[in-house]
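# Fold and geometry: a report
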Amino acid sequence: MSNPNIAQFDHDSENIAREAMVGINPNLTDKFVLLICFLAKFPYACSQQRGKNAPLVGSKEYIYSIAKNFSDSRKPRKPSPPTTIPDKMVGTVLHTYFGIPEQCLERIEKEHALSMGAENIIGDLLERYLAHILEQYGWIWCSGTIVKAVDFIKFNPVSGEWYSLQVKNRDNTENSSSSAIRLNTPIKKWFRTFSKKNDKNWDQFPDESVRHYLSEDGFKSFVHDYLKNLK
């Protein structure tokens, strides 16, 4: 008997996925079909869609919906500063305690906002860089937050095994909810930088077969070209 708490995918879900993505972005069809195969096998990994009219997970409507999300989330994204109003008391602290001249406070405020905008997009840039490299070697970027706490998946056709990977920019950026999800699933975790030392973690990337293709210099070059093309 099926578990009513776990979504059941349509028996023809692979064909539905292919049909859906061909109409959106044919270049992503094979990747999306493989992602649907993963979700059909591990339906508990599906991220729930929000809203009263959200389609039932596993249904044809659901597959069409996440097909668009999968494609749209790969479109270029520009960095932007936060829209929240800055607290002027920060300037008071900078001036009074740290001795920052008052005439510099407005510039610092603007530069701080730009810095926050840059920091907020680094995680997205990291996933795009990894996808740029990894998708040449069988990994699929789960763009669109479709899979719970998973950013990349890979299928080994020889062994029939699936691999799941969660990536973070720093070693201190995982929240408790994503950690809890991973405890009961075979999801590997990797982070790029350390928060307590000036070092990188590329040499510990979980897939040894592609590890040598990844580097900080490669990431920097990718980001430079990606952002330059957005201007």
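Look up a bit, the structure's there.
Let me begin by describing the structure that accompanies this report.

What counts and what doesn't
Residues numbered from 1 in each chain as written. Predicted model: local features only at pLDDT ≥ 70, side-chain atom pairs only at ≥ 80, totals over all residues. Heavy atoms only, no water. Helix = DSSP H or I, 4+ residues; strand = E, 2+ residues; numbered from the N terminus. Buried < 20%, exposed > 50% of the residue type's maximum accessible area, 1.4 Å probe, protein only. Contact = heavy atoms within 4.5 Å. Salt bridge = Lys/Arg side-chain N within 4 Å of Asp/Glu carboxyl O. Pairing = 2+ DSSP bridges. Axes fitted to C-alpha atoms, helices over the stretch in contact; angles between N-to-C directions. Polar contact = N/O pair within 3.5 Å; in protein donor to acceptor, adjacent residues only side chain to side chain. 1 Å grid on protein atoms, 1.4 Å probe; cavity = no way out; pocket = protein on both sides within 12 Å on 5 of 7 lines; lining within 4 Å. Points joined across faces, edges and corners; volume = space filled by probe spheres on them. Nonpolar A, V, L, I, M, F, W, Y, C, P; charged D, E, K, R; others polar.

### Examining the overall build of the protein
When helices and strands are counted, the protein shows eight helices and four strands. Element order for the protein, N to C, with α for helix and β for strand: α-α-α-α-α-β-β-β-α-β-α-α. Each principal axis of the C-alpha atoms in the protein carries an extent, and together these give about 70 × 45 × 35 Å. Looking at the protein as a whole, 37% of its 231 residues are labelled buried. In the protein, once contacts between residues fewer than 6 apart in sequence are set aside, the share between residues at least 24 apart is 57%.

### Brief notes about the pattern of salt bridges
Taken as a whole, this structure holds eleven salt bridges when the rule is applied. A salt bridge links Glu-109 to Lys-88, with the shortest nitrogen-to-oxygen separation between them at 3.1 Å. Of this pair, Glu-109 sits in helix α5 (residues 102–134) while Lys-88 is found in the loop between α3 (60–72) and α4 (89–96), placing the two residues 21 residues apart along the sequence. Glu-109 sits in the partly exposed class, given a relative accessible area of 28%. Classification of Lys-88 as exposed rests on a relative accessible area of 59%. One salt bridge in this structure joins Arg-107 and Glu-111, with 3.0 Å as the shortest N-O distance.

### Points about the sheet that holds strand β2 (residues 152–156)
The four strands are arranged β1-β2-β3-β4 in an open sheet whose pairing can be described as mixed. The sheet is open, and its two edges are formed by β1 (139–141) and β4 (187–193), each paired on a single side. Adjacent strand axes in the sheet meet at a mean angle of 25° when their direction is disregarded. The pairing of β1 with β2 spans three bridges and is classified as antiparallel. Looking at β2, one finds that Trp-139 is bridged to Lys-154. Packing against the sheet, helix α2 (residues 29–41) makes contact with β1, β2 and β3 (161–170), and its axis sits at approximately 105° to β3. The sheet strands contacting α5 are β1, β2, β3 and β4, and the helix crosses β3 at an angle near 140°.

### Quick notes on the environment of Trp-139
With respect to the helices and strands, Trp-139 occurs in strand β1. In this structure Trp-139 comes out as buried when scored by relative accessible area, which is 6%. The spacing of Trp-139 and Ile-153 is 14 residues in sequence and 5.6 Å in space, taken between C-alpha atoms. Beyond its immediate sequence surroundings of up to four residues, Trp-139 is in contact with Leu-134, Phe-152, Ile-153, Lys-154, Tyr-163, Leu-165 and Asp-207. Among the polar contacts listed, one links the side chain of Trp-139 to the side chain of Asp-207, at a separation of 2.8 Å.

### A look at unusual backbone geometry
Although it is not a glycine, Thr-145 adopts a positive phi angle of roughly 50°. Tracing the chain through its elements places Thr-145 in the loop between β1 and β2. Even without a glycine there, the phi angle at Ala-149 is positive, about 55°. Within the element layout of this structure, Ala-149 appears in the loop between β1 and β2. What makes Ala-149 buried here is its relative accessible area of 19%.

### Description of the layout of surface pockets
Approximately 710 Å³ is the volume found for the largest pocket. Lining the largest pocket are 26 residues, with Gly-123, Glu-127, Asp-151, Val-167 and Lys-168 positioned closest to its centre. Counting only elements with at least two residues in the lining of the largest pocket, the list comes to α5 and β3. When residues of the lining of the largest pocket are assigned to their parent elements, the largest contribution, six residues, is made by α5. Considering only residue class, the lining of the largest pocket consists of seven nonpolar, twelve polar and seven charged. As a volume, the second largest pocket reaches approximately 340 Å³. Along its surface, the second largest pocket is lined by 15 residues, and Pro-86, Asp-87, Val-90, Glu-109 and His-112 are the ones closest to its centre. Broken down by secondary-structure element, the contributors of at least two residues to the lining of the second largest pocket are α4 and α5. Ranked by the residues each element gives to the lining of the second largest pocket, the list is headed by α5, at seven residues. Taken together, the residues of the lining of the second largest pocket sort by class into eight nonpolar, three polar and four charged.

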